[in-house]
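Structure assessment
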Amino acid sequence: MKPVLLTLMLAACTNANHMGNPLTWPGQVLQTTLSNAAYDARRSKVAAFVTANQIAILTEAKAGSGPTLTAAYDLAKIPQTRCAELTRELATNPAYQTSTEAVIIALMAHSA
């Protein structure tokens, strides 16, 4: 009887607390794990590309566009609506000239 009562009590939990319904935790763990793995894989690809092409990316950002810059945006999955803003940011912010990590973070922060 106790396991049934405990199950009913847990099933009655709502999102009134920050933890949510305990019965959904395994699914949330799986979803978060898969989401993080996908993000980490994409970030690794972006990091490798930026490390190999940082100068070309920044040169093309100053020019307004270019194939390397477009490839970086595609790898990071940046929506078209954010490309112009990020291009201006990459072209004008001096922090990106000296920091590969800053460029990677900028690309990932603007991604979808």
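Data block above holds the structure.
For the structure given in this document, a descriptive report is provided here.

Cut-off values and rules
- Residues numbered from 1 in each chain as written.
- Predicted model: local features only at pLDDT ≥ 70, side-chain atom pairs only at ≥ 80, totals over all residues.
- Heavy atoms only, no water.
- Axes fitted to C-alpha atoms, helices over the stretch in contact; angles between N-to-C directions.
- Helix = DSSP H or I, 4+ residues; strand = E, 2+ residues; numbered from the N terminus.
- Parallel < 35°, antiparallel > 145°, perpendicular 65-115°, else oblique.
- Left-handed = near helix turned anticlockwise from the far one by under 90°.
- Contact = heavy atoms within 4.5 Å.
- Nonpolar A, V, L, I, M, F, W, Y, C, P; charged D, E, K, R; others polar.
- Core = buried A, V, L, I, M, F, W, Y, C linked by side-chain atoms within 4.5 Å.
- Buried < 20%, exposed > 50% of the residue type's maximum accessible area, 1.4 Å probe, protein only.

**Observations concerning the packing of helix 2 (residues 25-63) against helix 3 (residues 67-76)**
The interhelical angle for the contact between helix 2 and helix 3, taken along N-to-C directions, is 155 degrees, at an axis separation of 8 Å. It follows that helix 2 is roughly antiparallel to helix 3 by the angle criterion. When the axes of helix 2 and helix 3 are compared, the crossing they make is left-handed. In this structure, helix 2 contributes Arg 42, Lys 45, Val 46, Phe 49, Asn 53, Ala 56, Ile 57, Glu 60 and Ala 61 to the contact, and helix 3 contributes Pro 67, Thr 68, Leu 69, Ala 71, Ala 72, Leu 75 and Ala 76. Broken down by class, the residue content of the contact of helix 2 with helix 3 amounts to 11 nonpolar, two polar and three charged.

**Section: the nonpolar core**
Core analysis: the largest hydrophobic core is formed by 21 residues, its most contacted members being Tyr 73, Leu 90 and Leu 107. Going through the elements one at a time, helix 2, helix 3, helix 4 (80-92) and helix 6 (100-109) are the ones with two or more residues in this core. If near-sequence neighbours (up to four positions away) are discounted, Tyr 73 is found in contact with Ile 78, Cys 83, Leu 86, Thr 87, Leu 90 and Leu 107.

**Structural notes on the environment of Thr 87**
As for its placement among the helices and strands, Thr 87 is situated in helix 4. Using a relative accessible area of 11% as the deciding quantity, one classes Thr 87 as buried. Residues Thr 87 and Ala 61 lie 26 residues apart in sequence; the distance between their C-alpha atoms is 5.2 Å. For Thr 87, the contacting residues outside a window of four places in its chain are Ala 61, Gly 64, Leu 69 and Tyr 73.

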